[in-house]
Amino acid sequence: MKRSATSKSERAKHNWRSPAVKIVSIYLVFAGLWILTSDAALRQLTTDPDRTEFWSMIKGWVFVAVTGGMLFGLIQGWFSRLRKSEAKWRASEERYRSLVTCSPDAIYLHAESCVTFANAAMCRLLGAQEPAQLLGRSVLEIVHPEFHELMRARWKRVFAGEPVPTVEAKFVRLDGTVVNVEVSAVMMHSQERQEVQV
């Protein structure tokens, strides 16, 4: 219950800090101040009904132009920051993939129980000539049937954000032979999906 309450609090804080909320808040403050100050200024400018109607129309068009420019600038700035953030994220992912690809440890990623990435060491471990032979393959084809229930329980914990210890297991190579392995697993977050790194 404590974790759930903390999670809700964090989501609420994130929502209040979101660009959309900031943009709307700025708009509401500006619009409120405009209404208060411009109406007072108009009463000081003229009391003639005809001139009041004319200046009210001018005031309205000025408001539309100013707020339109303001919203354009705010949204453009947000998109600019978003593009920079995405570029940094992609660069970070590319650096990580490069490190994992060259790692001497056998590593693969899977999403929804299907292999999405396998490095050269994993290919050698499973007897694959290239990663394409493993991509899209069900993880349960790689894990020995004796360990299916154990792996499912571990994945459930990983997706729940819980740490899991390293365990001994068996993998089935492409030629059907069995190899003993030590398995660890962590959650990986990418822009497209959540994956488990093994």
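Residues numbered from 1 in each chain as written. Predicted model: local features only at pLDDT ≥ 70, side-chain atom pairs only at ≥ 80, totals over all residues. Heavy atoms only, no water.

Visitor: What should I look at first to understand the overall build of the protein chain in this one?
Guide: Of the regular secondary structure elements, the protein chain holds six helices and six strands. The order of helices and strands in the protein chain, counted from the N terminus, is α-α-α-β-β-α-α-α-β-β-β-β. Expressed as a percentage of the 198 residues in the protein chain, the buried residues total 26%. Relative to all contacts within the protein chain whose residues are 6 or more apart in sequence, the contacts with residues 24 or more apart total 47%. Accessible surface for the protein chain amounts to roughly 13700 Å². Of this, 60% is attributable to carbon and sulfur atoms. (Helix = DSSP H or I, 4+ residues; strand = E, 2+ residues; numbered from the N terminus. Buried < 20%, exposed > 50% of the residue type's maximum accessible area, 1.4 Å probe, protein only. Contact = heavy atoms within 4.5 Å. Areas by Shrake-Rupley, 256 points an atom, 1.4 Å probe, with all protein chains shown as cover.)

Visitor: Can you walk me through the environment of Ile142 in this structure?
Guide: As for its position among the elements, Ile142 is in helix H5 (residues 139-142). Residue Ile142 is classed as buried on the basis of its relative accessible area, which comes to 2%. Sequence separation between Ile142 and Arg173 is 31 residues, and the spatial gap between their C-alpha atoms is 6.9 Å. Once you skip the residues sitting within four places of it in the chain, Ile142 turns out to touch Val115, Leu126, Arg137, Lys170, Phe171 and Val172.

Visitor: I keep staring at the packing of aromatic side chains and nothing clicks. Help me out?
Guide: Pairs of aromatic rings are described using the distance from one ring centre to the other and the angle between the two planes. According to the stated counting rule, one finds five aromatic pairs in the structure shown. Judged by centre distance (4.8 Å) and plane angle (55 degrees), the ring pair of Trp78 and Phe79 falls under tilted. A relative accessible area of 29% means that Trp78 is categorised as partly exposed. (Phe/Tyr/Trp six-rings, centres within 6.5 Å; stacked < 30°, edge-to-face > 60°.)

Visitor: What am I meant to see in the side chain of His144 here?
Guide: Within the secondary structure, His144 sits in the loop between H5 and helix H6 (148-159). His144 has contacts with Lys170, Phe171, Val172 and Val178, leaving out every residue within four places of it along the chain.

Visitor: Any chance you could explain unusual backbone geometry here in plain terms?
Guide: Glycine aside, a negative phi is what most residues show, and trans is what most peptide bonds show. Residues other than glycine seldom take positive phi values, yet Glu112 does so here, at roughly 55 degrees. The exposure class of Glu112 is exposed, given its relative accessible area of 76%.

Visitor: In this structure, what is going on with the confidence of the model for the protein chain? I would like to understand it.
Guide: Caution applies to low-pLDDT regions: their predicted coordinates should not be interpreted in detail. Put simply, the protein chain has an average pLDDT of 80, and 86% of its residues get 70 or more. Overall, residues 1-8 carries pLDDT values under 50, and its contacts beyond four positions in sequence, including any with other chains, amount to two contacts. (pLDDT = per-residue confidence, 0-100.)

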